[in-house]
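Each chain, letter by letter, is given below.
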Amino acid sequence: MPVSEAWHQRLAAARADRQQTHRWRTRQVVANGASESALDFAGNDYLGLAHDPRVSEAQADGARRFGAGAGASHLVSGHLEVHDALEEALAHWTGRERALLFSTGYMANLGVLQALADRHTAIFQDRLNHASLLDGAALSGARNRRFHHRDANDLENLLGRSEYAHKLVVSDGVFSMDGDVADIEDLVSACKRHNAWLMIDDAHGVGVLGDNGSGCVGSTWSSAKVPILVGTFGKALGTAGAFVAGDTALIDHLIQFSRSYIYTTAQPPAIAAATLKALDIVQREPEHRTTLNANIAYFRREALRLGLPLSDSTTPIQPLILEDEARTLTWATRLQQHGIYVGAIRPPTVPKGESRLRITLSARHSRHQIERLLEALTACQREETACLANA
Ligand SMILES: *Cc1c(COP(=O)(O)O)cnc(C)c1O
């Protein structure tokens, strides 16, 4: 059998497997400025900053001043003043000594875990942690254990039985598919008792939670309690990229040893300029968080009244757990016919039997738009009842 034939068979088998289980993923091409044509309740632009003309203008201006790209990695000649200014602003915002930029959140998580952990380290992760944290643990070669979701007792059991000298506990801040928030206090005390370090990936919390918008950890928990804080810019800040914040020893270590920091071109400086503007808006204009929270409260109140299967989340991520995969697809397709995008999340992203519509709210949504979403959801409900009646 020729070599390429073997490869084609391998790809065809993987495809057949996905297709048979109706889990073949497809992309859709979104028209430029999607939000004009369809209502987006799937994205993570929680404060509407991805569409704020001031942020776009800062990016355009940055590109004119600094060029389209950084031209080199941070350790060579790609670390510009604007990158440095952003790192300083992030450190100040989150109450940390230092912050370090990464090109994406995925790379930040790979880079932190690879630089800190090795096969003499034990990593303890919440079961529902983001894929990038699992991949980072695999890359590091550390012993990786998973504890039950938000279950500090289970975590303490695992920590107590571990004989590793270096223990690292890792959790999402806001869980990306459920919208619930880690109990930082529980995690901090578990780590203290068992002499472990704590890393929180607050990708969905920064910009949204906390008094100054610095997330569920930022201004609330010091780096003595939460030594490693990861945040991203692609969600509430509306741009792209990520940061790690912590004390000088941590950041220096990452600059020396984090391979996804060292061996990659620095983020385009224009993105850093845009992120600086977004950060400034987040700090100066708390009204966007107020609007967002009012939208969340309105959606929850109405969805509850309609008997929709709401979760406990108080964040912009409001999943409706429909359980069944086919049902989830049917609802998502129906919503699309109403011109509304929501995420249809199915295994393997979530456990079997927990398929869901991942609805996300933004400060940018008007009351009228949320009403349209609720009407479309009501139509899905009605159709299902009609089907059952006919069956
Ligand atoms: C989105 C996300 C990431 C990845 O961030 P990117 O900048 O999009 O690569 C990491 N962790 C969590 C929890 C996320 O939700």
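Each remark here, short or long, concerns the structure printed above.
Positions within a chain are numbered from 1, following the residues in the order the chain's sequence is written. Local features are withheld for residues below a pLDDT of 70 in this predicted model, meaning they are given only at 70 or higher, and side-chain atom pairs are given and counted only at 80 or more; totals for whole chains, interfaces and linings count all residues. Think of the side-chain values as coming from all heavy atoms in the structure, minus any hydrogens and water.

Chemist: Explain the packing of helix α7 (residues 152-161) against helix α8 (residues 184-193) here, please?
Modeler: Working note: a packed helix pair is described by the angle between its axes plus the distance between those axes. Every angle, taken between N-to-C directions, lies between 0 and 180 degrees, and every axis is a line fitted to C-alpha atoms, over only the stretch in contact when it is a helix. Each helix is a run of H or I in the DSSP string that is no shorter than four residues. Each strand is a run of E no shorter than two, and both are numbered from the N terminus. Axis separation between α7 and α8 bottoms out at 10 Å; the angle between their running directions is 15 degrees. Taken as axis vectors, α7 and α8 run roughly parallel relative to one another. Of the two elements, α7 crosses α8, and the hand of that crossing is right-handed. Packed against α7, whose contacting residues are Ala152, Leu155, Glu156 and Leu159, the element α8 presents Asp186, Leu187, Ala190 and Arg193 at the interface. Ten residues, namely Ala, Val, Leu, Ile, Met, Phe, Trp, Tyr, Cys and Pro, are considered nonpolar, four, namely Asp, Glu, Lys and Arg, are considered charged, and the remaining ones, Gly among them, are considered polar. Within the contact of α7 with α8, the residues separate by chemical class into five nonpolar, no polar and three charged. Working rule for angles: under 35 degrees goes down as roughly parallel, over 145 as roughly antiparallel, 65 to 115 as roughly perpendicular, anything else as oblique. Crossing handedness follows the turn of the near helix against the far one: under a right angle anticlockwise gives a left-handed crossing, and clockwise gives a right-handed one. The contact definition used throughout considers only heavy atoms, calling two residues in contact when any of these lie within 4.5 Å.

Chemist: It is not clear to me how the pattern of salt bridges should be interpreted in this structure. Could you clarify?
Modeler: Two side chains with opposite charge may pair up if their charged atoms get near one another. Only one rule defines a salt bridge in this text: a Lys or Arg side-chain nitrogen within 4 Å of an Asp or Glu carboxyl oxygen. Taken as a whole and assessed by the stated rule, the structure comprises 14 salt bridges. One salt bridge in this structure joins Asp252 and Arg98, with 3.4 Å as the shortest N-O distance. Here the residue Asp252 occupies a position in helix α9 (residues 248-257), and Arg98 occupies one in strand β2 (residues 98-102), the gap between them amounting to 154 residues. Exposure classes here rest on a 1.4 Å probe applied to the protein chains alone. A residue is buried below 20% of its type maximum, exposed above 50%, and partly exposed in between. By relative accessible area, Arg98 is classed as partly exposed at 27%. Here Asp178 and Arg356 are joined by a salt bridge, their closest N and O atoms 3.0 Å apart. Taken together, the positions of Asp178 in the loop between β5 (166-172) and α8 and Arg356 in strand β12 (residues 355-360) put the pair 178 residues apart, joining distant regions of the chain. The burial state of Asp178 is the same as that of Arg356; both residues are buried. Residues joined by salt bridges that share partners form a network here, namely Asp52, Arg54 and Glu285.

Chemist: It is not clear to me how the pairing of strand β8 (residues 242-246) should be interpreted in this structure. Could you clarify?
Modeler: Residues in a regular strand project their side chains so that they alternate between the two faces of the sheet. The element β8 is largely enclosed, with a buried count of five among its five residues. On β8, burial covers both faces: Ala242, Val244 and Gly246 on one face and Phe243 and Ala245 on the other are all buried. For two strands to count as paired, DSSP must find a minimum of two bridges between them. As paired elements, strand β7 (residues 228-232) and β8 share four bridges and run antiparallel to each other. Following the sheet pairing, Leu229 is matched in β8 by Ala245.

Chemist: In this structure, what is going on with the site of the ligand? I would like to understand it.
Modeler: Close to the ligand lie 13 residues; Gly105, Tyr106, Asp201, His204 and Lys235 are nearest. For the purposes of these results, a polar contact is taken to be a pair of N or O atoms within 3.5 Å, where, inside protein, one atom must be able to donate a hydrogen and its partner to accept one; residues adjacent in sequence count only when each atom of the pair is a side-chain atom. Between the ligand and Gly105, the relevant distance is 2.7 Å, taken from an oxygen atom to a main-chain nitrogen or oxygen of the residue. Here an oxygen atom of the ligand and a side-chain polar atom of Lys235 are 2.8 Å apart. When isolated, the ligand has an accessible area of 380 Å², and the protein chains bury 83% of it. The leading source of residues in the shell around the ligand is helix α5 (residues 105-116), at three residues. Class assignment for the residues of the shell around the ligand results in two nonpolar, eight polar and three charged. By convention in these notes, a residue is near a molecule or strand provided one of its non-hydrogen atoms lies within 4 Å of it. Areas reported here follow the Shrake-Rupley algorithm with a probe of radius 1.4 Å; residue values treat only the protein chains shown as occluding.

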